[in-house]
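Topology and contacts: notes
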Amino acid sequence: MRDAFRACYEAAMKQQGAFGVSLSLVAKIDARGAVVDVVEVTSSQASPEFVACLSDVIRAGAFSPPQGDAAATVTIPITFVNQPPP
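Residues numbered from 1 in each chain as written. Predicted model: local features only at pLDDT ≥ 70, side-chain atom pairs only at ≥ 80, totals over all residues. Heavy atoms only, no water.

**A word on the sheet that holds strand E3 (residues 72-80)**
Taken in spatial order, the 3 strands make up an open sheet running E2-E1-E3, and their pairing is antiparallel. A strand with exactly one partner marks an edge of an open sheet, and here the two such strands are strand E2 (35-42) and E3. On average, each strand axis in the sheet is tilted by 25° relative to the strand beside it, whichever way the strands run. Sheet topology note: the strand E1 (residues 21-29)/E2 ladder contains 6 bridges and is antiparallel. By the bridge assignment, Lys 28 is partnered in E2 with Asp 37. (Pairing = 2+ DSSP bridges. Helix = DSSP H or I, 4+ residues; strand = E, 2+ residues; numbered from the N terminus. Axes fitted to C-alpha atoms, helices over the stretch in contact; angles between N-to-C directions.)

This is the structure in structure tokens:
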């Protein structure tokens, strides 16, 4: 997922310039390990398009089925730091 998250960030930078951002997304995982929902719970400066891209990456991901044939909720903290190029 890391490379796909980076691709979302680079696409967002093309639209709004370099920026730093921290946010958390919550993924609901069904009993088979499939992502059934992704919701943003915290953010700073994240555009809706950027959050949608990150959410799509998580939805496309594969998770191990939760124990006990039950659904699970996973909080995913994500931080991108605005750093000058080397």
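**A few points about the state of the cysteines**
If you walk through the whole model with that rule in mind, you get 1 disulfide. Sulfur-sulfur distance for the disulfide between Cys 8 and Cys 53 comes to 2.0 Å. The sign of the -80° torsion about the S-S bond sets the Cys 8-Cys 53 disulfide as left-handed. Here the residue Cys 8 occupies a position in helix H1 (residues 2-16), and Cys 53 occupies one in helix H2 (residues 48-60), the gap between them amounting to 45 residues. For Cys 8, a relative accessible area of 3% puts it in the buried group. Accessibility expressed as a relative area gives 27% for Cys 53, which makes it partly exposed. (Disulfide = S-S within 2.5 Å. Buried < 20%, exposed > 50% of the residue type's maximum accessible area, 1.4 Å probe, protein only.)

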